[in-house]
Amino acid sequence: MPGWILTWEGSIKEFPDLTERVWVTERPPGGCFNYIALREVRGKDVTYPYPVLVLPGMTSHGEQLIHVSWHGIQPIEPAIPDSMIPIYLARRGYLVYTIDYRTHFVLPDVKDLSFMLDWGWDAWLSDIKEAINKVREVSGKDKAVLIGESFGGIASMNYVTVYPDDVRAIVLLDGAPIRTSVIQALPVRTINDIKASRLYAIPSILTGGKYPGNLVNTVWLKALYNPTLPSPEPGFKTLSDYLMNIAYNQGLANPYSYPNSPPQAIFAVLATLDPYWPTRLFIDPIDHYRAKYTEVKVPILAVISGLFGVKAADIDLVKRLTSDILILDGYGHLDVYANPNNVKDVNERVHCWFSKVKG
């Protein structure tokens, strides 16, 4: 396989006080979809002793965490830039990296998704290993700090059980081990089931699973630019009200009380997610990773949202494996990543926690 290729280096349009570098590399077995990208964000001065690698959540990607965009499609300028933890940390002396998973290189006009059958945990963890090796090379540091957002938290825990010497500390941003597996919600259980049904990718949550492969989620994008459009369902005045209530009922955001999610922040996130995610990753057993979670020796901070994380997390296991737990009452899942109040409730507290584990 070819090595890493530097594809971009320069200032960030939205954040002129920061610079970005992007590397891309081909991954096994090769071909036009088997690529990952590593994104570096830094400010003028780097003072924290360890590089930080942010692992995005399901259907998320590094571009979204830095630019709130997907392949250059940016529905709105970030209204609260410090709510984005890569930006917040880079402005405070951290060398920050994040990854574009293989899904980021699958565009929505691709019809045959059978290549995704090989995208299980072996592929995912090997991709993260390749990214961390590049982080170590570029930064000159032997260890990295992992921040796992949502699914990225599970990936962080699985990774450290295999490569414990690569990691200095872990932050689980509403990505703690869950009580029940996502597999229970899928209509397939085996690789043969996937082949028979051709359900190689999970239908996109962007369109409620009905129209996978759209360039962006047109419903959320429409509400972002036209929030006063009438609601498609009775009981709500506008389309924006209707969609925010859906987000609230799913535990994604809280528009009704603290932290009072602004629709423009939530809609921008939902409009720029990747359209596909491999089914194979969710039917692969992870019990052999999970059995080793409590053997992990690095400090771990678990940040858990009150509306979503508390219901989904295996709290007993979280208490056994973490150094510190922060429960955010009233927070929805996306509020942890995109909300005016998360600057002080999440990012600032993560920054303070990092200062305790840097020695």
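Residues numbered from 1 in each chain as written. Predicted model: local features only at pLDDT ≥ 70, side-chain atom pairs only at ≥ 80, totals over all residues. Heavy atoms only, no water.

Asker: Tell me about the overall build of the protein chain, and please be specific about residues and values.
Answerer: Summing up its helical and strand segments, the protein chain has 13 helices and nine strands in all. Here the C-alpha atoms of the protein chain give a radius of gyration of 19 Å, agreeing with the 21 Å that 2.2 N^0.38 yields for 359 residues. Overall, the protein chain is about 55 × 50 × 45 Å in size when its C-alpha atoms are taken along their principal axes. A buried classification covers 58% of the 359 residues belonging to the protein chain. Residue pairs at least 24 apart in sequence account for 70% of intrachain contacts in the protein chain once pairs closer than 6 positions are excluded. With the model as given, the accessible surface of the protein chain reaches about 15,100 Å², and the carbon-plus-sulfur share is 54%. Each charge class in the protein chain was averaged separately, 34 positive and 37 negative side chains, and the resulting centres sit 3 Å apart. (Helix = DSSP H or I, 4+ residues; strand = E, 2+ residues; numbered from the N terminus. Rg over C-alpha atoms; globule rule 2.2 N^0.38 Å. Buried < 20%, exposed > 50% of the residue type's maximum accessible area, 1.4 Å probe, protein only. Contact = heavy atoms within 4.5 Å. Areas by Shrake-Rupley, 256 points an atom, 1.4 Å probe, with all protein chains shown as cover. Lys, Arg positive; Asp, Glu negative; His and termini not counted. Charge placed at Lys NZ, Arg CZ, Asp CG, Glu CD.)

Asker: Just give me the short version of the layout of surface pockets, but keep the residues and values in it.
Answerer: Put simply, the second largest pocket is a space of about 170 Å³. Around the second largest pocket sit Trp8, Ser11, Ile12, Lys13, Glu14, Glu20, Val22, Arg39, Glu63, His67 and Gln74, which together line it. For the lining of the second largest pocket, the secondary-structure elements that each account for two or more residues are strand E1 (5-11), strand E2 (19-26) and helix H1 (62-67). (1 Å grid on protein atoms, 1.4 Å probe; cavity = no way out; pocket = protein on both sides within 12 Å on 5 of 7 lines; lining within 4 Å. Points joined across faces, edges and corners; volume = space filled by probe spheres on them.)

Asker: Before we move on, could you go through a nonpolar patch on the surface and cite the residues and values that matter?
Answerer: On the surface, Val310, Ile325 and Ile327 cluster together to form a nonpolar patch covering roughly 210 Å² of accessible area. The partly exposed category is assigned to valine 310, whose relative accessible area is 30%. (Patch = residues over 30% accessible without salt bridge, like charges linked within 9 Å, V, L, I, M, F, W, Y side chains within 5 Å. Salt bridge = Lys/Arg side-chain N within 4 Å of Asp/Glu carboxyl O.)

Asker: I'd like a rundown of the pairing of strand E4 (residues 52-55), residues and numbers included.
Answerer: Alternating positions in E4 separate into two faces, Val52 and Val54 on one and Leu53 and Leu55 on the other, with burial throughout. Pairing of E4 with strand E5 (residues 96-100), which is carried by three bridges, proceeds in the parallel orientation. Each bridged residue has a counterpart across the sheet, and for valine 54 the counterpart in E5 is threonine 98. With four bridges joining them, E4 and strand E6 (residues 144-149) adopt parallel strand pairing. Paired with valine 52 across the strands is valine 145, a residue of E6. (Pairing = 2+ DSSP bridges.)

Asker: How would you summarise unusual backbone geometry if you had to cite specific residues and measurements?
Answerer: For the peptide bond that leads from proline 28 to proline 29, omega is 5°, which places it in the cis range. In this structure, the amide linkage connecting tyrosine 258 to the following residue, proline 259, adopts the cis form with an omega of 15°. Looking at where proline 259 falls in the secondary structure, it is placed in the loop between helix H7 (239-249) and helix H8 (263-270). Although it is not a glycine, threonine 59 adopts a positive phi angle of roughly 65°. Inspection of the secondary structure puts threonine 59 in the loop between E4 and H1. Residues other than glycine seldom take positive phi values, yet asparagine 260 does so here, at roughly 55°.

Asker: Lay out the packing of aromatic side chains in plain terms, naming residues and giving numbers.
Answerer: Throughout the structure, instances matching the rule amount to 21 aromatic pairs. A centroid spacing of 5.4 Å and a plane angle of 65° characterise the contact between tryptophan 124 and tryptophan 277, whose relative ring orientation is edge-to-face. Placement of tryptophan 124 in helix H3 (residues 121-139) and of tryptophan 277 in the loop between H8 and helix H9 (280-283) is noted, with a sequence separation of 153 residues between them. On the basis of relative accessible area, tryptophan 124 is assigned to the buried category, the value being 1%. On the basis of relative accessibility, which here comes to 1%, the residue tryptophan 277 falls in the buried class. Where tyrosine 248 meets tyrosine 256, the ring centres are 4.9 Å apart and the plane angle is 80°; that geometry is what we call edge-to-face. Residue tyrosine 256 is classed as partly exposed on the basis of its relative accessible area, which comes to 48%. Of note, arginine 92 hangs over the ring of tyrosine 88, and the distance from its end group to the ring centre comes to 3.7 Å. (Phe/Tyr/Trp six-rings, centres within 6.5 Å; stacked < 30°, edge-to-face > 60°. Lys NZ or Arg CZ within 6 Å of the ring centre and 35° of its normal.)

Asker: For the confidence of the model for the protein chain, give the residues involved together with the corresponding values.
Answerer: Any segment with low pLDDT has predicted coordinates that should not be analysed in fine detail. Averaged over the protein chain, the pLDDT score is 91; the fraction of residues at 70 or greater is 94%. Counted against residues more than four places away or in other chains, residues 206-215, with its pLDDT under 50, gives 22 contacts. (pLDDT = per-residue confidence, 0-100.)

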